[in-house]
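Per-entry structural report
So you can see what is in the structure, the chains are spelled out below.
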Amino acid sequence: MERVYYLADFIIKLVYLNILAFFFSLLGLVVFGVFPAVTATFYIVRKWLTGDSDIKITKNFYRIFKKELLRSNGIGWLLTIVGLLLYINLTIAEVINHSLIQISYYPILTVFILFLCLCLFVIPVYIHFRTSFLSVLKHAFLMIFVHPVNTLLLLITVSIFCMMMKTIPGFIPLCGFSGLVLIVMYFSLKTFERVTTIQGKRKEVAL
């Protein structure tokens, strides 16, 4: 019964966090609100997964939303523009019937997939390590290859979750946003643990 209680409590918190994320996204007129809301959601979920289950959700969500308003929008919209450019190039390479352009389809597709993987790690890396923008991008890219099995599992789980939300869209207002963040943060922390283990082994060898 105790486990059932904690599970129910966690689900309620996850739903409440999802509502907060939607509300603050709308508060920022979506264009300026979605990325700080995403960052704040990752912050709360990271706290839960690292043992701080009693964190005050509303107070800390608002604090991070306000603190990261400018920087998260800068990072988020830059990545959005790059992603749109890659997607446009991918579409052009697929549609235009020219041998040279069609050859470029698979290299662009590879870059696009790597870019999507990088995007999944960007905010977890930013929240976890609190470093500069260029360092965030560098570390996020490296995280893709540090634990490739974990990255593959992340992609599979995210894909299944997105298909589930598409099949049952009624779940989106309940846990569509926070659920996705939970999945990404869980697998990201697993990768961060792998990095810590590798660094620890290197120190032992150096000693």
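Above this text is the structure in question.
Predicted model, so just to flag it, every value in this text is computed and none were measured.

1. Points about the overall build of the chain
Helix and strand content of the chain: nine helices and zero strands. For the chain, the succession of helices and strands along the chain, N to C, is α-α-α-α-α-α-α-α-α. Looking at the chain residue by residue over its 207 residues, the buried ones come to 39%. When contacts within the chain are restricted to residue pairs at least 6 apart in sequence, long-range pairs at least 24 apart make up 71% of them. For the chain, the accessible surface area stands at approximately 12,700 Å², while carbon and sulfur atoms represent 73% of it. In the chain, the 18 positive side-chain charges and the 8 negative ones have mean positions that sit 7 Å from each other.

2. Looking at the state of the cysteines
Under the definition given, this model contains zero disulfides. This cysteine, Cys119, is not joined by any disulfide, and Cys117 carries the nearest cysteine sulfur, 9.2 Å off. Overall, Cys119 belongs to the partly exposed group, its relative accessible area being 27%. A disulfide-free cysteine, Cys162 has its sulfur positioned 12 Å from the sulfur of Cys175, the nearest such atom.

3. What to know about helix 4 (residues 69-95)
The first and last C-alpha atoms of helix 4 sit 38 Å apart over 27 residues, in line with the 39 Å expected at 1.5 Å per residue. Every buried residue belonging to helix 4 is among Ser72, Asn73, Ile75, Gly76, Leu79, Gly83, Leu86, Leu90 and Ala93, and all of these are buried. Next to the buried residues of helix 4 lie helix 2 (34-49), helix 5 (99-103), helix 6 (105-129) and helix 7 (133-146).

4. Overview of the packing of helix 1 (residues 2-27) against helix 2
Here helix 1 crosses helix 2 at 160°, and the two axes come no closer than 8 Å. Considering their axes alone, helix 1 and helix 2 lie roughly antiparallel with respect to each other. Remark: the crossing between helix 1 and helix 2 carries right-handed chirality. When helix 1 is examined against helix 2, the residues Phe10, Lys13, Leu14, Leu17, Ala21, Phe24 and Ser25 are found in contact with a partner set consisting of Val34, Ala37, Thr41, Ile44, Val45 and Trp48. Across the contact of helix 1 with helix 2, the residue classes tally to 10 nonpolar, two polar and one charged.

5. A short note on the packing of aromatic side chains
For the structure shown, the criterion picks out 13 aromatic pairs. Summarising the aromatic geometry, the rings of Phe24 and Phe65 are spaced 5.0 Å apart at their centres and angled 55° between planes, so their arrangement reads as tilted. Remark: Phe65 occurs in helix 3 (residues 57-67) and Phe24 occurs in helix 1; sequence separation between them is 41 residues. Accessibility expressed as a relative area gives 8% for Phe65, which makes it buried. Aromatic pair Tyr186 and Phe187: ring centres 5.3 Å apart, planes at 85°, arrangement edge-to-face. With relative accessibility at 41%, the residue Tyr186 sits in the partly exposed group. Looking at Phe187, the relative accessible area reads 11%, which means it is buried. Site record: aromatic cluster; members linked through ring pairs are Phe23, Phe24, Phe61, Tyr62 and Phe65.

Quick notes on the rules
Residues numbered from 1 in each chain as written. Predicted model: local features only at pLDDT ≥ 70, side-chain atom pairs only at ≥ 80, totals over all residues. Heavy atoms only, no water. Helix = DSSP H or I, 4+ residues; strand = E, 2+ residues; numbered from the N terminus. Buried < 20%, exposed > 50% of the residue type's maximum accessible area, 1.4 Å probe, protein only. Contact = heavy atoms within 4.5 Å. Areas by Shrake-Rupley, 256 points an atom, 1.4 Å probe, with all protein chains shown as cover. Lys, Arg positive; Asp, Glu negative; His and termini not counted. Charge placed at Lys NZ, Arg CZ, Asp CG, Glu CD. Disulfide = S-S within 2.5 Å. Expected span 1.5 Å × (residues − 1). Axes fitted to C-alpha atoms, helices over the stretch in contact; angles between N-to-C directions. Parallel < 35°, antiparallel > 145°, perpendicular 65-115°, else oblique. Left-handed = near helix turned anticlockwise from the far one by under 90°. Nonpolar A, V, L, I, M, F, W, Y, C, P; charged D, E, K, R; others polar. Phe/Tyr/Trp six-rings, centres within 6.5 Å; stacked < 30°, edge-to-face > 60°.

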